[in-house]
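Report on the structure
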Amino acid sequence: MSTVDLIRHVKLSTARLPLAVPISDAKVFTGRQKPMTEVIFLFAEITTELGHTGVGFSYSKRAGGPAQYAHAREVAAGIIGEDPNDIAKIYTKLLWAGASVGRSGVATQALAAIDIALYDLKAKRAGLPLAKFLGTYRDSVQTYNTSGGFLNASLEEVKARATQSLEEGIGGIKIKVGLPDSKEDLRRVAGIREHIGWDVPLMVDANQQWDRATALRMGRQLEEFNLIWIEEPLDAYDFEGHAHLAQVLDTPIATGEMLASVAEHKGLISANSCDIIQPDAPRVGGITQFLRLAALADERGLGLAPHFAMEIHLHLAAAYPREPWVEHFDWLDPLFNERLETKNGRMIVPDRPGLGITLSEQARAWTTESVEFGA
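Residues numbered from 1 in each chain as written. Predicted model: local features only at pLDDT ≥ 70, side-chain atom pairs only at ≥ 80, totals over all residues. Heavy atoms only, no water.

**A word on the nonpolar core**
Of all hydrophobic cores here, the largest spans 72 residues; its most connected members are Leu12 and Trp331. Element by element, the count of residues in this core is highest for helix H4 (residues 106–126), at 11 residues. The contact partners of Trp331, leaving out residues within four places of it in the chain, are Leu17, Leu19, Ile23, Met36, Val39, Lys61, Ser147, Phe150 and Phe308. With 27 residues, the next largest nonpolar core counts Trp210, Leu216, Leu234 and Ile253 among its residues. (Core = buried A, V, L, I, M, F, W, Y, C linked by side-chain atoms within 4.5 Å. Buried < 20%, exposed > 50% of the residue type's maximum accessible area, 1.4 Å probe, protein only. Helix = DSSP H or I, 4+ residues; strand = E, 2+ residues; numbered from the N terminus. Contact = heavy atoms within 4.5 Å.)

Next up, the structure:
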């Protein structure tokens, strides 16, 4: 007979992770954003009456971090006394508690940290890594590095970082494009392709900065580089434009990271707008919503390459039926006591229970505000 266990305590905290150098992608060079200097995190730590614990997080790379924290602290008390097994029920309860501000964006990103913490707790209580708890198709996932390919770095710096990544067992390299001068984009792609060779998987990411004509022209010119995908060539909500590119180009089209709900991803999928879908669990509302989305994507035969947050997405990608990719970012390393292993081009699913992460003393030091509910 199972023992009833209820949630007795939840702690929310927000922390600012400073980046070593200001980061720029195409949105900076088109004047739409300033260089990124920090990432703001929302952490949820949940404890049950029997002492089981779970940790989850959401984040914002630009404005919005304080709003996520504010929304979460308004609704989080609603999980006290709930059965932590009932994750979907809890998600729905919290969703409706704040439904007057919508069911996407900040409203659900605030819930993501709690939802992810509940999955971490449930898998840890079962003594299983989250991937195994969900049911894996593989014990490692193809991985590619993004953090070395930003536009603030010179081509020589990008080459050096690519070499380092490959030596560390990372399998592919992604670089940013979308500069106002398309010739410079092509020069950088050609330079990195020549540097890493033709057998290493290479991707490019325009971060939504091309119009339809430019995307088509650049897509045709990029065909010669044998890319794994072209990412976000158009505005994230231009489903029709992405669908046209996916139809006429040989290079696969990847997008979806900026969409903030399953409903938005449904529009992307139904319009046949991509070959590879790139959902972000913290952005769409957590693991509950990500799994709904993954089922839809698999039904349509789409590849999967979740965005950012490899500490979460490694487990979710390992449980996807089709061979996926996971994005390697070392930015979050200071936040956790553990590290993920890469070997022979793949990221290894850790054997630690749950997500396999614990918050570091540095994460505590960077915390700017926290609140607790329950005993």
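From this point on, the discussion continues.
**Here we look at helix H2 (residues 65–75)**
Turning to H2, its buried residues number three or more, namely Gly65, Gln68, Tyr69, His71, Ala72 and Val75. Buried residues of H2, viewed axially, fall in a sector of 165 degrees; they line one side. Buried-residue contacts for H2 involve strand E1 (7–23), strand E2 (36–48), strand E3 (53–60), helix H3 (87–97), H4 and strand E14 (367–374). (Arc of directions from axis to C-beta.)

**Notes on the packing of H2 against H4**
Their axes nearest at 8 Å, the elements H2 and H4 cross at an angle of 70 degrees. Put simply, H2 runs roughly perpendicular to H4. Crossing of H2 over H4 shows right-handed handedness. Judged by residue contacts, Ala67, Gln68, His71, Ala72 and Val75 of H2 engage Val106, Ala107, Gln109, Ala110 and Leu111 from H4. Among the residues making up the contact of H2 with H4, the classes are represented as seven nonpolar, three polar and no charged. (Axes fitted to C-alpha atoms, helices over the stretch in contact; angles between N-to-C directions. Parallel < 35°, antiparallel > 145°, perpendicular 65-115°, else oblique. Left-handed = near helix turned anticlockwise from the far one by under 90°. Nonpolar A, V, L, I, M, F, W, Y, C, P; charged D, E, K, R; others polar.)

**Quick look at the packing of helix H8 (residues 212–222) against helix H9 (residues 239–248)**
Axis separation between H8 and H9 bottoms out at 11 Å; the angle between their running directions is 20 degrees. On the basis of their axis angle, the class for H8 and H9 is roughly parallel. You can see that H8 and H9 cross each other, and the crossing is right-handed. Where H8 abuts H9, its residues Arg212, Ala215 and Leu216 lie against Glu240, Gly241, His244, Leu245 and Val248.

**A few points about the sheet that holds E14**
If you trace the four strands from one edge of the open sheet to the other, you get E3-E2-E1-E14, paired in antiparallel fashion. Among the strands making up the open sheet, the edge pair consists of E3 and E14. Neighbour-to-neighbour, the strand axes of this sheet turn through a mean angle of 20 degrees, independent of strand direction. Relative to E2, E1 is paired through 12 bridges, and the arrangement is antiparallel. (Pairing = 2+ DSSP bridges.)

**Looking at the packing of aromatic side chains**
A full pass over the atoms with the stated rule returns 15 aromatic pairs. Here Phe308 and Phe329 contribute two aromatic rings whose centre-to-centre distance is 4.9 Å and whose plane-to-plane angle is 75 degrees, an arrangement assigned as edge-to-face. Residue Phe308 is found in the loop between strand E10 (303–304) and helix H13 (310–318), and its partner Phe329 is found in the loop between strand E11 (325–328) and strand E12 (342–343); the two are separated by 21 residues along the sequence. Neither Phe308 nor Phe329 differs from the other in exposure class; each is buried. When the ring of Phe308 is compared with that of Trp331, the centres are 6.0 Å apart and the planes differ by 70 degrees; the resulting orientation is edge-to-face. Of this pair, Phe308 sits in the loop between E10 and H13 while Trp331 is found in the loop between E11 and E12, placing the two residues 23 residues apart along the sequence. We classify Trp331 as buried; its relative accessible area is 10%. Taken together, Phe41, Phe43, Phe57, Tyr59, Phe150, Phe308, Phe329, Trp331 and Phe336 form an aromatic cluster joined through their ring pairs. In this structure, Lys61 packs its charged tip against the face of Phe308, placed 3.9 Å from the ring centre. Across the ring face of Phe329, the terminal group of Lys61 is positioned such that the distance to the ring centre comes to 5.1 Å. (Phe/Tyr/Trp six-rings, centres within 6.5 Å; stacked < 30°, edge-to-face > 60°. Lys NZ or Arg CZ within 6 Å of the ring centre and 35° of its normal.)

**Overview of the side chain of Asp185**
Mapped onto the elements, Asp185 comes out in helix H7 (residues 182–196). Contact partners of Asp185, with chain neighbours within four places excluded, come to Val177, Gly178, Leu179, Trp210 and Met218.

**Some details on the pattern of salt bridges**
Evaluation of the coordinates by the stated rule reveals 22 salt bridges. In this structure, Lys27 engages Asp25 in a salt bridge whose closest nitrogen and oxygen atoms are separated by 2.7 Å. For Asp25, a relative accessible area of 6% translates into the label buried. A salt bridge links Arg322 to Asp298, with the nearest nitrogen and oxygen atoms 2.8 Å apart. In this pair, Arg322 sits in the loop between H13 and E11 while Asp298 sits in helix H12 (residues 287–299), placing the two residues 24 residues apart along the sequence. The exposure class of Arg322 is partly exposed, given its relative accessible area of 36%. (Salt bridge = Lys/Arg side-chain N within 4 Å of Asp/Glu carboxyl O.)

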